[in-house]
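# Summary of structural features
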Amino acid sequence: MKEERNIMNKKLQENFRNRRPFQDAVTERSSESSNKTKIKHPFWVMVGKEISDQVRSWRFIIMGVLIALTCLGSLYTALAQFSKQSGSAEDAFFFLNLFTLSDGTLPPFTVFISFLGPLLGISLGFDAINSEQNRGTLSRLLSQPIYRDYVINAKFVADLIVISSLFLTLGLLVLGSGLIALGIPPTGDELARLIFFILVSIIYVAFWLNLSILFSVVFRQAATSALSGIAIWLFFSIFYNMIVDLLAKAMAPKGMLTEGQVVEFQNFVLGLMRFNPSQLFSEATITLLMPSVRSLGALTMEQIEGALPTPLPIGQSLLMVWPQVTGLVAGSILLFGLGYYLFMRREVRSR
Amino acid sequence: MAETIIELVNLTKKYRSFTAVDHIDLTVEKGEIFGLLGPNGAGKSTTILMMLGLTEPTEGWARVCGINPSRNPIDVKRRVGYLPEDVGFYDDRTGLENLVYTAMLNCIPETEAAEKAKVLLQRVGLENVDGKKTGKYSKGMRQRLGLADVLIKNPEVIILDEPTSGIDPQGVRSFLDLILELRDEHGLTVLFSSHNLHQVEQVCDRIGIFVEGKIRALGNIPALSQQLFGTADHGLEDIYNSFFEGGTEHHE
């Protein structure tokens, strides 16, 4: 028994010696890496680990199942509506109705995404940084030869990849089942619109993801960070529109108005609404998925005069949602930048 | 004469008006086990953070393995293993997975990392639990895994911040033996921060006593005893206490 152990120890020591000296190991390693490209860059090692963490976690499974179920539900109602509207198959952009059609019992897919997307983003990011700190892994991680921003960047990239795969999968699944149920393939234009819709959804969720990553940097407790994220989500999805309505009522111009004044006031109220990210998202998705939408906001009779009520080509639809998408991207970058700045400035000690 | 591996010159860290580390000078030679002693808040951890480039010195500079950690933290961290106080692991992964992850962050290919991790787990006596999630580890096991985690990158210097807190006496004994063995085998330089005088006395070649951000005493124990008491037979406890007696403050 004792001999065995001695032999083992010797073996171990040999093993150990072979791996020294350090300098040689480094040069060996770098020459190896030029021959074989098998060595993963530490950043992608971190991204890989974060992705597997997310995919294994319960909250992702729960959110994924929730979104998949709503997707299924709205697909079902959309298909049920299709059969009632028979004969309209010749309509342009028939296929996109899959995402927007509803009989009133269940909201269409886009509405579900605008409601549940933020929750998905928040649940993926709310404990990004503070859980590392609380588990005492952050100081260990930072003592490895990596740049500090790898930590926050890797988490963001990993979450983005997870979200993108989820939405892409769902989008294509709906497309596929639509194909089977309807028997009509989508046109190229429809497919492009669908891809852009998925892209906008990803940006929208990324906005909320960045918000929750920011909170995970600011708040030491994961619960505080999650609750703050949810509070902001509730504020925007329920109370913000009420507040804007109240304001609009109070500020509504009285007496005789010209048409121009009414339109101006309408646009002012709409401008206020657009501070709400979900408003931006729904405007963008409606324009993308309903090519017949030709304008967002009120127009005067003068402006409408002479317009032909035909669907817009995809280029024009994209041009119309450009400000909305830019707004969402800018918001995401702003939030991420703030989180990044705070994280980089912080002194990390053990828990 | 051995080569100098850690050199701190006039190193200072101020947090607003509070001076955590106050103009310290220190050199540690290759293959030495150096003990950082002192009460909580004396500036030991801050000094370690500055050596790793995890925080910027307000004044002065450090040089670790010939590299300035505030300029090239990555190169320093490639050569220095740091075991933070109360180290944490990814609880839903096994010890082996945690080690492999660290190794891969150090650009070690996955298969090699797994082999290395297995060897190290045996070395620290965790070979039978490598399928267990670290969330279920005891404090002592966690600390030993921490040591393996530090060693997996083949460091030249290892810095251990309170590594023995929370381990039972027997565990401490084997932990300290392991450190001595590693030093003898590979010429590792070890920086050992602790409040436990007895343990420091057992393993350290030289010690530095930190008091309020300053190093008040530096050298080996007999020399310090000679310097303070005129004879070389006083232990570390007497030496340490001489800095905290009669003063306005009493620590622990």
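Residues numbered from 1 in each chain as written. Chains lettered and ligands numbered in written order. Predicted model: local features only at pLDDT ≥ 70, side-chain atom pairs only at ≥ 80, totals over all residues. Heavy atoms only, no water.

Next up on the list: the overall build of chain A. Looking only at helices and strands, chain A has 15 helices and zero strands in total. The burial tally for chain A puts 46% of its 351 residues in the buried class. Look at the contacts in chain A between residues 6 or more apart in sequence, and 80% of them connect residues 24 or more apart. On chain A, roughly 18,200 Å² of surface is accessible, and the fraction owed to carbon and sulfur atoms is 67%. (Helix = DSSP H or I, 4+ residues; strand = E, 2+ residues; numbered from the N terminus. Buried < 20%, exposed > 50% of the residue type's maximum accessible area, 1.4 Å probe, protein only. Contact = heavy atoms within 4.5 Å. Areas by Shrake-Rupley, 256 points an atom, 1.4 Å probe, with all protein chains shown as cover.)

Further remarks concern the packing of aromatic side chains. Residue and element names in this part refer to chain A. With the rule as written, the count across this model stands at 18 aromatic pairs over all chains. Ring centres of Phe-115 and Trp-233 lie 5.4 Å apart, and the angle between their planes is 50°; on these two criteria the pair is classed as tilted. Taken together, the residues span a long stretch of sequence, with Phe-115 in helix α6 (residues 109-125) and Trp-233 in helix α11 (residues 222-251) at a distance of 118 residues. The buried category is assigned to Trp-233, whose relative accessible area is 8%. Between Phe-207 and Trp-208 the ring centres are 5.6 Å apart and the planes differ by 85°, which places this aromatic pair in the edge-to-face class. Across this residue pair, the class does not change: Phe-207 and Trp-208 are buried. Among the aromatic side chains, those forming a connected cluster through ring pairs are Phe-207, Trp-208, Phe-235, Phe-236 and Tyr-240. (Phe/Tyr/Trp six-rings, centres within 6.5 Å; stacked < 30°, edge-to-face > 60°.)

Now for empty space enclosed by the protein. Gaps left between atoms are located by rolling a probe of water-molecule size over the structure's atoms. Residues and elements named next belong to chain A. All told, the structure shown has four cavities of 30 Å³ or more when counted by the stated rule. Estimated volume of the largest cavity: approximately 70 Å³. In terms of lining, the largest cavity is formed by Phe-99, Phe-109, Ile-113, Phe-167, Leu-170, Gly-171, Leu-194, Phe-197, Ile-198 and Ser-201. If you tally residues by element for the lining of the largest cavity, the top one is helix α10 (residues 188-218), at four residues. (1 Å grid on protein atoms, 1.4 Å probe; cavity = no way out; pocket = protein on both sides within 12 Å on 5 of 7 lines; lining within 4 Å. Points joined across faces, edges and corners; volume = space filled by probe spheres on them.)

This paragraph deals with the sheet that holds strand β9 (residues 214-219) of chain B. Residues and elements named next belong to chain B. The strand order across the open sheet formed by six strands is β5-β6-β7-β3-β8-β9, and the pairing between neighbours is mixed. Where the open sheet ends on each side, the last strands, each with one partner, are β5 (80-83) and β9. Averaged over all adjacent pairs, the angle separating strand axes in this sheet is 15°, with direction ignored. (Pairing = 2+ DSSP bridges. Axes fitted to C-alpha atoms, helices over the stretch in contact; angles between N-to-C directions.)

If you check helix α5 (residues 139-151) of chain B, its first and last C-alpha atoms are 19 Å apart, about what 13 residues at 1.5 Å a residue would give, namely 18 Å. A large share of α5 of chain B lies buried, amounting to eleven of its 13 residues. (Expected span 1.5 Å × (residues − 1).)

Residues and elements named next belong to chain B. Mean pLDDT over chain B stands at 86; residues scoring 70 or higher make up 96%. Looking over chain B, one finds the lowest element-wise mean pLDDT in helix α9 (residues 236-242), namely 82, and the highest in helix α3 (residues 95-105), namely 93. This model gives residues 247-252 a pLDDT under 50, and the stretch forms eight contacts once residues within four places in sequence are excluded. (pLDDT = per-residue confidence, 0-100.)

So, on to α3 of chain B. It helps to recall that an α-helix has 3.6 residues per turn; residues three or four apart then point in one direction. Most of α3 of chain B sits inside the fold, with ten of its eleven residues counted as buried. Of all the residues in α3 of chain B, the buried ones are Gly-95, Leu-96, Asn-98, Leu-99, Val-100, Tyr-101, Thr-102, Ala-103, Met-104 and Leu-105 of chain B. Buried residues in α3 of chain B make contact with α3 (42-56) and α8 (137-142) of chain A together with α4 (110-123) and α5 of chain B. Looking one or two residues beyond α3 of chain B, the residue adopting positive phi is Cys-107 of chain B, at roughly 65°.

Right, let's get into the interface of chain A and chain B. Each partner contributes residues to the interface: chain A has 38 residues there, and chain B has 45 residues. Summing both partners gives a buried area of about 4,400 Å² for chain A against chain B, and 55% of it is carried by carbon and sulfur. Counting across the interface, chain A meets chain B through two salt bridges. Here Arg-140 of chain A ties to Asp-149 of chain B by a salt bridge, and the two come within 2.9 Å at their closest N and O atoms. (Buried area = accessible area lost by both parts, 1.4 Å probe. Salt bridge = Lys/Arg side-chain N within 4 Å of Asp/Glu carboxyl O.)

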